[in-house]
Amino acid sequence: MKSVLITGAAGFLGSHLCDRFLHEGHYVIGMDNFITGDQKNLIHLKNNPNFEFVEHDVTEFINLEGDLDYILHFASPASPIDYLKIPIQTLKVGSLGTHNLLGLAKTKNARILIASTSEVYGDPLVHPQTEEYYGNVNTIGPRGVYDEAKRFQESITMAYHRFHGIETRIVRIFNTYGPRMRLNDGRVIPAFMGQALRGEDLTVFGDGVQTRSFCYVDDQVEGIYRLLLSDYAEPVNIGNPHEITIKDFAEEIIKLTGTTQKIIYKDLPVNDPMQRQPDITLAKKLLDWEPKVGRAEGMKITFDYFKSLTEEELYKRDHKDFSDYINK
């Protein structure tokens, strides 16, 4: 049995990672300060003897007793709604938080995997995006707080790997979806499904020709798990390469939900990328990994999850009051 620390454990992806490592027979320590995470994502693990939860902000010094084999650093706001409201915290968790966890990995002689993102590519001038592409990022734009936090995270991780010999892994995560996504997190899948369930028109930003590719959470977790157990230290794209325009996707959601709303168009947000599609050649070769769950199957499961939400959750506009964090 390995001992695994997962930061951001109460988040969408972090909670699924907790489930996977417990399923594999490991002892899991979940860590979160609930700035964007939700306790309900972990409630099913409350009585699991192999799960321990520590409420802590990873930007503060981390002290854990006992041995630690693996660290997965997934603590970070991940939606534009969040990181535009708490930009300083977003920068701190990618910099100070990563520094603290790399230090912990060094002390414990643990292998660490950090969650990077396709946003390191910015609004890409290369399509699809390979790991060798350096990106096209506006460092001082509103989205820069997230993009640059993740780019710094990659840099300091490689510095610890090269200078201290720490075993490091870097996953560049492309759009991922599935149960436990937050309905009002501002991303396109929960936005469309929430609007459909509330009987609202579906909002497309720009003219809808921008593209995205969506990876179901089980596939993403499988890729992350395989990468952690590999011996490859540099970044690896994990995502689904099947691309679709946002306009076509909105029409798919209308068909899936059986609703009759129309699509309305609004201005495109600043620095919103026009294309997002991973080149997963490296993941196929290195990890023998590629996504298995098709969009139709995954979206149905996800929509069924959203349909199970209470009316209060369905109509809740703001995820959380960030006022306690704003001045920190």
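Everything below is about the structure shown above.
If you're wondering where the values come from, they're calculated on a predicted model, not measured in any experiment. (Residues numbered from 1 in each chain as written. Predicted model: local features only at pLDDT ≥ 70, side-chain atom pairs only at ≥ 80, totals over all residues. Heavy atoms only, no water.)

Draft legend 1. Structural detail: the nonpolar core. One finds Leu72 and Phe74 to be the most contacted residues of the largest nonpolar core, which totals 61 residues. Those residues within four positions of Leu72 in sequence are excluded, and the remaining contacts are Val4, Leu5, Ile6, Thr7, Leu17, Phe21, Leu113, Ile224 and Leu228. Core analysis: the second largest hydrophobic core is formed by 22 residues, Ile71, Val93, Ala110 and Tyr160 among them. (Core = buried A, V, L, I, M, F, W, Y, C linked by side-chain atoms within 4.5 Å. Buried < 20%, exposed > 50% of the residue type's maximum accessible area, 1.4 Å probe, protein only. Contact = heavy atoms within 4.5 Å.)

Draft legend 2. Region of interest: the side chain of Glu154. Mapped onto the fold, Glu154 is located in helix H4 (residues 144-164). By relative accessible area, Glu154 is classed as buried at 9%. Filtering out sequence-adjacent residues up to four positions away, Glu154 remains in contact with Ile114, Ser116, Val120, Ile170, Arg172 and Pro235. (Helix = DSSP H or I, 4+ residues; strand = E, 2+ residues; numbered from the N terminus.)

Draft legend 3. A look at the sheet that holds strand E5 (residues 111-117). As summarised here, the arrangement of the seven strands in space is E3-E2-E1-E4-E5-E6-E11, forming an open sheet in which the pairing is parallel. Whereas interior strands pair on both sides, the edge strands pair on one side only; in this sheet they are strand E3 (51-55) and strand E11 (235-238). Pairs of neighbouring strands in the sheet enclose a mean axial angle of 20°, with direction left out of account. Together, strand E1 (3-7), strand E4 (70-73), E5 and strand E6 (168-173) form the strand contacts of helix H3 (residues 87-108), whose direction differs from that of E4 by roughly 180°. On top of the sheet, helix H6 (residues 217-229) reaches E4, E5, E6 and E11; it is set at about 160° to E6, its chief contact. (Pairing = 2+ DSSP bridges. Axes fitted to C-alpha atoms, helices over the stretch in contact; angles between N-to-C directions.)

Draft legend 4. Spotlight on the pattern of salt bridges. Throughout the structure, instances matching the rule amount to 20 salt bridges. For the salt bridge of Glu252 with Arg295, the shortest nitrogen-to-oxygen distance reads 2.8 Å. Taken together, the positions of Glu252 in helix H7 (residues 246-257) and Arg295 in helix H9 (residues 295-307) put the pair 43 residues apart, joining distant regions of the chain. The exposure class assigned to Glu252 is partly exposed, which follows from its relative accessible area of 33%. Take Arg295: its relative accessible area is 22%, and that puts it in the partly exposed class. Counted as one network, the salt bridges with shared partners bring together Arg20, Glu24, Glu222 and Arg226. (Salt bridge = Lys/Arg side-chain N within 4 Å of Asp/Glu carboxyl O.)

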